[in-house]
Amino acid sequence: MTTTKSRVVYTPSFTDGAEFRIPTFKVLKQDGSLYKGAKAPALDKDKALRIYRTMVTTRILDERMLAAQRQGRLSFYMQCTGEEAAVIGSAAALDDADMIMAQYREQGALAYRGFTIDEFMNQLFGNELDYGKGRQMPVHYGSKKLNYMTISSPLATQIPQATGYAYGQKLAGEGHCTITYFGEGAASEGDFHAALNMAAVQRVPVIFLCRNNGYAISTPAAEQFAADGVAPRAYGYKMDVIRVDGNDVLAMYEATRAARSLAVEYNRPVLIEAMSYRLAAHSSSDDPSGYRSKDEEAVWREKDPILRMRLWLDRKKWWSEDDEKQLQETMRREVLETMKRAQKRPPPPLETLVTDVYDEVPPALAEQFEKLKVHIRRYPDAYPKSAEHAKGGA
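The structure presented is a predicted model; accordingly, all values stated were derived computationally and were not measured.

Caption draft 1: A look at the sheet that holds strand 2 (residues 99-101). What the 7 strands build is an open sheet, ordered 1-8-9-5-4-2-3; its pairing is parallel. Whereas interior strands pair on both sides, the edge strands pair on one side only; in this sheet they are strand 1 (24-25) and strand 3 (148-149). Each of strand 4 (178-183), strand 5 (206-212) and strand 9 (270-275) touches helix 6 (residues 190-202); the most contacted strand, strand 5, lies at about 150° to it.

Next up, the structure:
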């Protein structure tokens, strides 16, 4: 049975969905002017500058930490470069009490909510102040106080989790929603389809934001799906959908603001497809020169979302060359100095390896932990950071 009455025909009639051509919502041109007929969202100066400063800060953090990884200071890193507008513009349209469930390239959303450079560095270096106690890979951030669910490595698992969390928000009735971010590669996972179907059937306040950045690691979008991107999939679930220029921060803000209204006021889940480009490598372990050309990258560098917003701010007389210079110098100095402090902090106490899961550490786990300490004391040179914690005992 279907949920609507189907039209009857008397000869075989096939459709392939080609009639569903989804437009792309744009507001801001690359030169900082508005498209004819477009209207800028109601952004006051303070909020606009907060968005811009977060975009610049995220870019600087990414550049510095990738360099740190190349120097052997970090094991791994992932950049948001080129996608700052899609991430930060959307996050700015949310309420701070809304839940964010990220994939792994949304550090800008966390920075916008107030996660400090110190907190970023503590996680990246897994020191004693890291909220995850050194148990996670770098860039797997999380913050309970900022309603940012801790990132997990398995691809797309956050998408159905977002639907479930939003169902709880619907039952609570407090006017909040969940947004979940993912790439177009993750949209090829079964988790994506299960999440959208449940969200549509149960009518929960969730926003699915797909960053279509052109590549699922090295696989181009043209080799991932034959349809017109990810957005048309929403029709299969009778879900509201919009496609947005992901490098246009004003369009991303306005689209997410409107999506949040649908989600919170009417319990209508929404799919947003943000069309952008990953200017950096997939991760510090990737070399994009093996699957895309420098000419292709150059075309997209001309569409830099940060420059686009800066030119808009210039036109409104809200920003100047001196402001830019001061911001760049201040943030570069802060990132570098904070990184040095974080590196010097000791690791989490060794015993935290076996805490937090059980109310009391089970005997079998306690026995394993004692064996671990014996092993570390036997080979202290191999575990220089843990040797001090393992002193004493047998």
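This is not the end of the story, as more comes after the structure.
Caption draft 2: Main features of helix 11 (residues 363-378). Look at helix 11: 23 Å from first C-alpha to last across 16 residues, which is about the 22 Å you get at 1.5 Å a residue. Here helix 11 has its buried residues at Phe 369, Lys 373 and Ile 376. Down the axis of helix 11, the smallest arc covering the buried residues is 65°, so these residues share one side. Set apart from the buried face of helix 11 by more than 90 degrees, the exposed residues are Pro 363, Gln 368, Lys 371 and Arg 378.

Caption draft 3: View of the nonpolar core. In this structure, Ile 51, Met 65, Met 121, Leu 124, Tyr 141, Met 309 and Leu 313 are the most contacted members of the largest nonpolar core, which totals 72 residues. A total of 10 residues in this core trace back to one element, the largest contributor, which is helix 1 (residues 45-70). Apart from the residues lying within four places of it in its own chain, the contact partners of Met 121 are Leu 61, Met 65, Val 335, Thr 338, Met 339 and Ala 342. Core analysis: the second largest hydrophobic core is formed by 25 residues, Ala 166, Phe 225, Val 230 and Met 239 among them.

Caption draft 4: Looking closely at helix 5 (residues 158-172). Between its first and last C-alpha atoms helix 5 spans 21 Å; for 15 residues at 1.5 Å apiece the expected length is 21 Å, and the two agree. Within helix 5, the full set of buried residues consists of Gln 158, Ile 159, Ala 162, Thr 163, Ala 166 and Gln 169. Around the axis of helix 5, the buried residues are gathered within 145° of arc, so they sit on the same side. Those residues of helix 5 hidden inside the fold are in contact with strand 2, strand 4, helix 6 and strand 5. One or two positions beyond helix 5, positive phi appears at Gly 173, with a value near 65°.

Caption draft 5: Expanded view of the layout of surface pockets. Roughly 580 Å³ of internal volume is contained in the largest pocket. If you trace the largest pocket, you find 30 residues lining it, with Gly 126, Gly 134, Pro 347, Pro 348 and Lys 385 closest to the centre. Within the residue set of the lining of the largest pocket, elements represented by two or more residues are helix 4 (117-125), helix 10 (321-344) and helix 11. When the residues that make up the lining of the largest pocket are grouped by side-chain class, the tally is 14 nonpolar, 10 polar and 6 charged. Here the second largest pocket defines a volume of roughly 260 Å³. Lining the second largest pocket we find 13 residues, and of these Ala 200, Arg 203, Tyr 237, Lys 238 and Met 239 sit closest to its centre. With 3 residues, helix 6 is the single largest residue contributor to the lining of the second largest pocket.

The rules behind these values
Residues numbered from 1 in each chain as written. Predicted model: local features only at pLDDT ≥ 70, side-chain atom pairs only at ≥ 80, totals over all residues. Heavy atoms only, no water. Pairing = 2+ DSSP bridges. Helix = DSSP H or I, 4+ residues; strand = E, 2+ residues; numbered from the N terminus. Contact = heavy atoms within 4.5 Å. Axes fitted to C-alpha atoms, helices over the stretch in contact; angles between N-to-C directions. Expected span 1.5 Å × (residues − 1). Buried < 20%, exposed > 50% of the residue type's maximum accessible area, 1.4 Å probe, protein only. Arc of directions from axis to C-beta. Core = buried A, V, L, I, M, F, W, Y, C linked by side-chain atoms within 4.5 Å. 1 Å grid on protein atoms, 1.4 Å probe; cavity = no way out; pocket = protein on both sides within 12 Å on 5 of 7 lines; lining within 4 Å. Points joined across faces, edges and corners; volume = space filled by probe spheres on them. Nonpolar A, V, L, I, M, F, W, Y, C, P; charged D, E, K, R; others polar.

Honestly, it's all geometry; don't read function into it.
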